[in-house]
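Read off the chains here:
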Amino acid sequence: MSLSLRYAAGSHKGMIREGNEDSGYAGPRLLAVADGMGGAAAGEVASSEVLSTIVELDEDLPGADVRDTLRIAVDRANDRLRVMIDDDPGLEGMGTTLTALLWTGSGLGLVHVGDSRAYLLRDNELRQITQDHTWVQRLVDEGRITEEEAGHHPQRSLLMRALDGRGQVEPDLSVREARAGDRYLICSDGLSGVVSRETMEDTLLSLADPRDCVQELIQLALRGGGPDNITCIVADIVDVDQRPSDIPMVVGAVADDLAGDTATLPTTPASRARELTAGEYETEALVPDPGPPNRRRPKPAWRRTLPVWGPALGVLAILGGAYWWTQTQYYVAKSGDHVAIYRGIDTQIFGVSLSSPYQQYDTVKTSLIGETYRQNLDGNYSASGLSDARDYVEKLKLQASVCQDVIKWNQDHPVSVSPEVPQNPTPQTPAATGSPGGTTVSPTSSVQAAPLRTPTPTATATGRPGSDPVSRSSTRGTPESGRTSAPPGAGKAAAPGATPTATEPPPSAPPTSAPPAPPKFDLGSADKNELAQGCDVKPVGQS
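All values reported here derive from a predicted model rather than from experimental measurement.

Trainee: Kindly report on the side chain of Asn 380, identifying the contributing residues and their values.
Mentor: Positionally, Asn 380 belongs in the loop between helix 13 (370-378) and strand 15 (381-383). Of note is the side chain of Asn 380, whose polar atom sits 2.7 Å from the side chain of Asp 346. Once residues lying within four places of it in the same chain are set aside, the contact partners of Asn 380 are Tyr 331, Val 332, Ala 333 and Asp 346.

If you want it as structure tokens, here you go:
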């Protein structure tokens, strides 16, 4: 089965821009969109010159390697811009993107530079087949920001690659298989930056005619505010029996050039381009107001002075983008006696800090998170994003909560002192039997008593029958008053039947009962028990 292309193209300057710097070309073999660099000198000149240079690819070149063919065409277009800038220094700073598909009869060669896009609708699913050469896309590729954040990034239009007549261009080149029923969309960021991929997919699925599809997509971008020029091409892979397109369509800035001067276009494509089909957006781009032909519109004065202050703006844009990136970074660190999430990076430039507290956690005390976490926070915890930083703080919260539970556990389960190891041993002297507060010493004990020398007694206490009387002072109840120094010969055995007086407690006495075992430490879950090992205070009863 022989395949071919059926296509449509359209362009609109949008709702805000004064002119159209986009250019588009759709022919039997070549589909291309070029977006002149917004705000750069003569962006419309750059886009139209590039398409005018590569339009000669819309010829039958059997046997040529499609990637080499596209690479050579891009280099030639960039060289053309270099020559123009050398001839007119006022054009310094102009540039353009380029996204193009070249039909080979059985496949498509794809060349891409910049942030215009190509999409493939296959099996009812729309998929982007180019990658933006922008600063923001690089941040997405490195995982620093999300696709959603990229859509609202202030530097999303900062190009990393473009055709600008300077240096060597490095285009993305690939070859794609052609399948009947495939639908391709090529567009500038005036469409893809305003209309969501889902909406574009619904539109491409619901409208069978490429021309209706192009007009609806442009209308969607205009209803979205139309902040930029809008250019798009829709092309279907069809059987040759299904009336493929054979007339080139030129839209945007390059169409203005065709209306006034076609000298830069190869003869065959230029002659076919004059036979453009009528359409709402093609008419606007291709039928200018009557007047003398003018290849290049006059440039405002600010474009002439761009080489002077343009580099400074470029540096400021890069610095602004770098600072914005720092404000997408987060880390967790100490903040006094608690922890906090900081936004930015922990460094200073010329005394200006690039970070600030984002959220304080007063209840997460650093004294309760354990030595390991404190050491980690000494060097800060660099998070991959805000959610990662919050997850880390939740870990700290749990650790602090467990350590607080350990402290409460220790308070509720104090350490019990064993009876056989007294904390403060103090010798006690028991009194004789029968004295007030006295202690009876068992006759079976091995305590030896010595004769006591006593002063003249004023009162006599009588012990049990068979015991010797012991002299006491008149002052009763004071253990010290019953003590005397032992005379020589102390240590001899007491008289039979005497009740000995103990002067020192036994050096060691067997415990009367075993101390109660402390309860086994348990906070109710194995995870909490394991976290308790990281606390500064160790739990009582830990096995």
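There is more to say, and it comes next.
Trainee: I'd like a rundown of the pairing of strand 10 (residues 230-239), residues and numbers included.
Mentor: With respect to burial, strand 10 is a largely interior element, 10 of its 10 residues being buried. Residues Ile 230, Cys 232, Val 234, Asp 236 and Val 238 of strand 10 are buried on one face, and the alternating residues Thr 231, Ile 233, Ala 235, Ile 237 and Asp 239, pointing to the opposite face, are buried as well. Note that strand 9 (residues 183-187) and strand 10 share 5 bridges and pair antiparallel. Within strand 10, the position partnered with Arg 183 by the bridge is Asp 236.

Trainee: Can you lay out the state of the cysteines for me, pointing to particular residues and giving the numbers?
Mentor: As enumerated under the stated definition, the model contains 1 disulfide in all. Each disulfide pairs two cysteine sulfurs, and for Cys 403 the partner residue is Cys 535, the sulfurs being separated by 2.1 Å. Handedness of the Cys 403-Cys 535 disulfide follows from its S-S torsion of about -100°: it is left-handed. Highlighted residues: Cys 403 in helix 14 (residues 386-412) and Cys 535 in the segment after helix 15 (526-531), separated in sequence by 132 residues. Taking relative accessible area as the criterion, Cys 403 reaches 5% and is therefore assigned buried. Summary of cysteine pairing: Cys 187 is not part of a disulfide, and the nearest cysteine sulfur, belonging to Cys 232, is at 7.0 Å.

Trainee: Tell me about unusual backbone geometry, residues and numbers included.
Mentor: Even without glycine at this site, Asn 124 takes up a positive phi of about 65°. Position of Asn 124 among the secondary structure elements: in the loop between strand 6 (117-122) and strand 7 (125-128). Its identity as a non-glycine residue notwithstanding, Asn 380 has a phi of 70°, on the positive side.

Cut-offs applied
- Residues numbered from 1 in each chain as written.
- Predicted model: local features only at pLDDT ≥ 70, side-chain atom pairs only at ≥ 80, totals over all residues.
- Heavy atoms only, no water.
- Helix = DSSP H or I, 4+ residues; strand = E, 2+ residues; numbered from the N terminus.
- Polar contact = N/O pair within 3.5 Å; in protein donor to acceptor, adjacent residues only side chain to side chain.
- Contact = heavy atoms within 4.5 Å.
- Buried < 20%, exposed > 50% of the residue type's maximum accessible area, 1.4 Å probe, protein only.
- Pairing = 2+ DSSP bridges.
- Disulfide = S-S within 2.5 Å.

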